[in-house]
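# Commentary on secondary and tertiary structure
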Amino acid sequence: MKLATWNVNSVRPRLELVLEWLAREQPDVLMLQEIKCETEQFPTQAFEAAGYGCAVVGQKTYNGVATLSHTPFEITNASLPGVADPAARYIEIRTQGLLLGNLYLPNGNSGGEEGYATKLAFADALHDRAQTLLQANTDFVLAGDYNICPTPEDCAPGALGPEDALVRPQSRAAWRRLRWLGLTDALRALHPHGAAYTFWDYQARAWERDSGLRIDHMLLSPRVAERLRTAAPDREEREKPRPSDHVPLVVTLSEPPPRSH
DNA sequence: ATGGCTCGTGAAACGAGA
């Protein structure tokens, strides 16, 4: 099973790029963030023509998430339980025996301390959602743009100041708290050290200087982690004309073991 | 060097992004 997450920074100007990527990579599921359009404006027909059903939560101008699935699915949540903020930042589906949460965690650099508190509140609610799913013995993946660089290795030297919301101690603590539930960081489980960036700023020739960040992640519940085979950012997408500032993170899983009884 | 790009909005700057 092949899963991917990709912050596309607006789906409409990126539609051809995403369709080409789907045709080439043929993932089972692609989780998109920052679609930046209302649900009705999402190019559902184009993705359906490519063989993917769409679960979409959009809004005007900002945010928005969509999950594309090659296999039949049901939507289990169109917002993150416990989050009062109406921003379109979470959609969750069930397919192939997995619950797949697609999230766009608030950046937290705008809106002062109130904006930062929104980020931490979302992370708290995500922790509670993961805990609920673990208690229900559910196999799940939480994938998306977490807007957190978990460790200094995940931030190119000088790319961010120490006060940035992506590296603030409370942001990193929120990430560790998720991991301490027993979740596996797919990328780091297979590649424990070194840069594995998923984002390069459009500005200051960040891509050319490889001044990137690792902020897009997939967390796996324990039984899913046992099936982990590969995890890698697709850096080639950052070379394309008019790219997103993020690249896809691609994870492959082996088939689930036969059920015991 | 707090700017540098790239979006959406809506028709000019501006906010958000990270």
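Residues numbered from 1 in each chain as written. Chains lettered and ligands numbered in written order. Predicted model: local features only at pLDDT ≥ 70, side-chain atom pairs only at ≥ 80, totals over all residues. Heavy atoms only, no water.

By the naming in an unreviewed UniProt entry, chain A is Exodeoxyribonuclease III, taken from Acetobacter peroxydans. Quoted straight from UniProt, the Sequence similarities (unreviewed entry) entry for chain A says "Belongs to the DNA repair enzymes AP/ExoA family." (UniProt positions renumbered as here; feature names shortened; annotations may be inferred.)

## Side note on the pattern of salt bridges
Per the stated rule, a full pass over the model turns up 13 salt bridges. Measuring nitrogen to oxygen at the nearest pair gives 2.7 Å for the salt bridge that ties Arg24 to Glu237. Of this pair, Arg24 sits in helix H1 (residues 15-25) while Glu237 is found in the loop between strand E13 (228-233) and strand E14 (249-253), placing the two residues 213 residues apart along the sequence. We note a salt bridge from Arg177 to Asp124, for which the minimum N-O separation is 3.1 Å. With a gap of 53 residues between them, Arg177 in helix H4 (residues 169-179) and Asp124 in helix H3 (residues 112-135) connect regions that are remote in the sequence. Owing to a relative accessible area of 38%, Arg177 belongs among the partly exposed residues under this scheme. One connected set of salt bridges, linked through shared partners, spans Lys2, Arg24, Glu25, Glu237 and Lys240. (Salt bridge = Lys/Arg side-chain N within 4 Å of Asp/Glu carboxyl O. Helix = DSSP H or I, 4+ residues; strand = E, 2+ residues; numbered from the N terminus. Buried < 20%, exposed > 50% of the residue type's maximum accessible area, 1.4 Å probe, protein only.)

## As for the packing of aromatic side chains
Following the criterion strictly, the structure yields five aromatic pairs and no others. Centroid distance Trp6 to Trp21: 5.7 Å. Interplanar angle 55 degrees. Geometry classified as tilted. Placement of the pair is Trp6 in strand E1 (residues 2-7) and Trp21 in helix H1, with a sequence separation of 15 residues. As far as the burial class goes, Trp6 and Trp21 line up, both buried. Counting every residue linked through ring pairs, the aromatic cluster contains Tyr197, Trp200 and Trp207. Sitting above the plane of the Tyr116 ring, Arg168 keeps its charged end 3.8 Å from the centroid. (Phe/Tyr/Trp six-rings, centres within 6.5 Å; stacked < 30°, edge-to-face > 60°. Lys NZ or Arg CZ within 6 Å of the ring centre and 35° of its normal.)

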